Amino acid sequence: DAAGAFTFELAPGSYTLVITKSGLATTSAGPFTIAADETVSAGTITLVQGGVLSGNVSVAGCSPHLPASVSVAVDGTVFVTHSDGSGAFAITLAPGTYTLTLSDFESVTTQTRAVTVTAGETTFEYFSIERYNQVWGRVVDSMTRSGLAGVVVVGQIRGVTATWTTSTGGSFRLDLPPGTGTLTLEKPGYRSLDQAIQVSQCSLEELSDRLMTQLGTVVGSVVSTADQTPIAGATITLVGGTAVATSGATGTFSLEDVPGTFSLRIMAPGWAPKTVGGVTITAAQTTDLGPITLNQGGTVAGTVVSSVDAAPVPGVTVVAAESGDTVQTDALGAFTLLHQPEGPISLAISKASWDPRSVGPFTVTVGTTTDVGSLQLTPRGSVGGIVVDATTNAPVPDVTVTLNGTSVTGTTDSQGGFTLTHTGGHYKLSLSKEGWVGKVTTPFTIDAGGIADLGTIPFTRLGGINGNVVGTTKTLSVQALGSTAAANTTGEITLHVPPGTYALSVRDVSEFAN
């Protein structure tokens, strides 16, 4: 009224007031909570001279147009909702900087922008909002190809998420912006799908059928071999599948996975691991394996020592072939494998720069420790040297050095040096580099744990023979006799040969005339 007072009669609830007057800043107040038969005072609400935030919104895409309805929010409060299709809006606000959010109600993206309003002035903002596209598809059973109901389909592109639950027939429709994203499908009793999707602009995306595979179930129990008591806390892994379960207090477990034939790996602290093969999973059926027995197994202990001086070798990896269990030797070269299955056991021992080996089989007895004694491991030796120019004695870098009879190879460094590591034995080295004479060294010996130092190795650079053949334009074959250097030429001769004295053979290719 003339005094600026106002009164609302409202149903109980929570309300926010928006106060507008031409030339003054639009202001919001609240929220206020109103109870039945109660009067709530909003107090004094001050209006200040404002500026006008004006703008226009259009929908971009293949058929640009004005939106049917637009929501305009300032700092999260909706001030204007247009339904006349004009796309225009104007709000009077107090001077300041605001976050302006505009959205069309017809499945399009939302735009957010910071704007500054100045008293007595009009700030104009233009927005072009991108329309969502519709993505259609159908979810079917991979075996029957019939539509699946109750599948939750979630599409995500550029931070926009759309969700649909399929009904009879398995069809779904999602409204998503153009771009690349993911499509996730979930239904109890079926393997979930997580797939990439590409949505083009200005198109109705109709996806091919999404195939979901029905799961089958495997149940059983884990018990002691000795007295059939349940074993809780055992880990049951479906080898070749993805399912993992843990046995409960009564030793029982349940696994779900796709149809197929798998193996089960059962492991429990304090018990020897066990593998059960030939486990068949059938879609929508339960396979009961009954009780799976574990025994407490035995212990395998030993020490790894060097074959050179019998010194303990720490950090050696010891693998039990039957159980797959792995341990490493301690500072004294000792190792212990607990809970190994009863029966034969073989061990694989290895360490970097040492020759790996397998030992066994040994016999594991339940409740006892099998001492395998001292297991020898042989350290590898190495060979090193420096490759130098045979004429200048300068180091030659980037020479390929190969240990003959092996796949061990290396390259000389900037100082011509190299080091190769391999099993002890008698070897030769091959040296090669473009523009240099290939070389094979005299035999040498690599001792286990030792270093064969070959010192400096002379390496010879190739020389060149240049010249011209005159008196003919025919193609000639030119060869330096006593070497492999040869070339076909029409006049100019260039041959690369080791240093030495040579005779040249020049032959007319067409007439075989020397």
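Residues numbered from 1 in each chain as written. Predicted model: local features only at pLDDT ≥ 70, side-chain atom pairs only at ≥ 80, totals over all residues. Heavy atoms only, no water.

Caption draft 1: Examining the sheet that holds strand β32 (residues 369-379) more closely. Taken in spatial order, the four strands line up as β28-β25-β32-β30 in an open sheet, and their pairing is mixed. Each end of this open sheet is capped by a strand with a single partner; those strands are β28 (334-340) and β30 (354-355). As paired elements, β30 and β32 share two bridges and run antiparallel to each other. Among the inter-strand pairings, D355 is bridged to a residue of β32, identified as T378. (Pairing = 2+ DSSP bridges. Helix = DSSP H or I, 4+ residues; strand = E, 2+ residues; numbered from the N terminus.)

Caption draft 2: Geometry of the nonpolar core. In terms of nonpolar packing, the biggest core is built from 21 residues, with V222, I236, F253, L255, L264 and I266 touching the most fellow members. For this core, the elements supplying multiple residues, two or more each, are β18 (216-224), β19 (235-239), β21 (252-257), β22 (260-268), β23 (271-281) and β24 (286-294). Ranked by residues supplied to this core, first place goes to β22 with four residues. Dropping the residues within four chain positions of it, V222 is found in contact with T229, P230, I231, A234, I236, S247, G251, F253, I266, I292 and L294. Among the nonpolar cores identified, the runner-up in size contains 20 residues, and V139, V160, L174 and M212 belong to it. (Core = buried A, V, L, I, M, F, W, Y, C linked by side-chain atoms within 4.5 Å. Buried < 20%, exposed > 50% of the residue type's maximum accessible area, 1.4 Å probe, protein only. Contact = heavy atoms within 4.5 Å.)

Caption draft 3: Structural view of a nonpolar patch on the surface. A surface patch of nonpolar side chains, amounting to about 300 Å² of accessible area, comprises F6, F8 and L10. In this structure, F6 sits in the segment before β1 (13-21). (Patch = residues over 30% accessible without salt bridge, like charges linked within 9 Å, V, L, I, M, F, W, Y side chains within 5 Å. Areas by Shrake-Rupley, 256 points an atom, 1.4 Å probe, with all protein chains shown as cover. Salt bridge = Lys/Arg side-chain N within 4 Å of Asp/Glu carboxyl O.)

Caption draft 4: Quick peek at the packing of aromatic side chains. Taken as a whole and assessed by the stated rule, the structure comprises two aromatic pairs. When the centroid spacing of 5.3 Å and the interplanar angle of 5° are considered together, the rings of W436 and F459 count as stacked. Pair noted here: W436 is in the loop between β38 (429-432) and β39 (439-440) and F459 is in strand β41 (residues 451-459), with a separation of 23 residues, a long-range link. Take F459: its relative accessible area is 0%, and that puts it in the buried class. (Phe/Tyr/Trp six-rings, centres within 6.5 Å; stacked < 30°, edge-to-face > 60°.)

Caption draft 5: The arrangement of the pattern of salt bridges in detail. Going through the model one piece at a time under the given rule, you end up with six salt bridges. R191 is the salt-bridge partner of D257, the closest N and O atoms lying 2.8 Å from each other. Placement of D257 in strand β21 and of R191 in the loop between β14 (179-186) and β15 (193-199) is noted, with a sequence separation of 66 residues between them. Of the residues examined, R191 reaches a relative accessible area of 31% and is grouped as partly exposed. D355 is paired through a salt bridge with R380; the nearest N and O atoms lie 2.9 Å apart.

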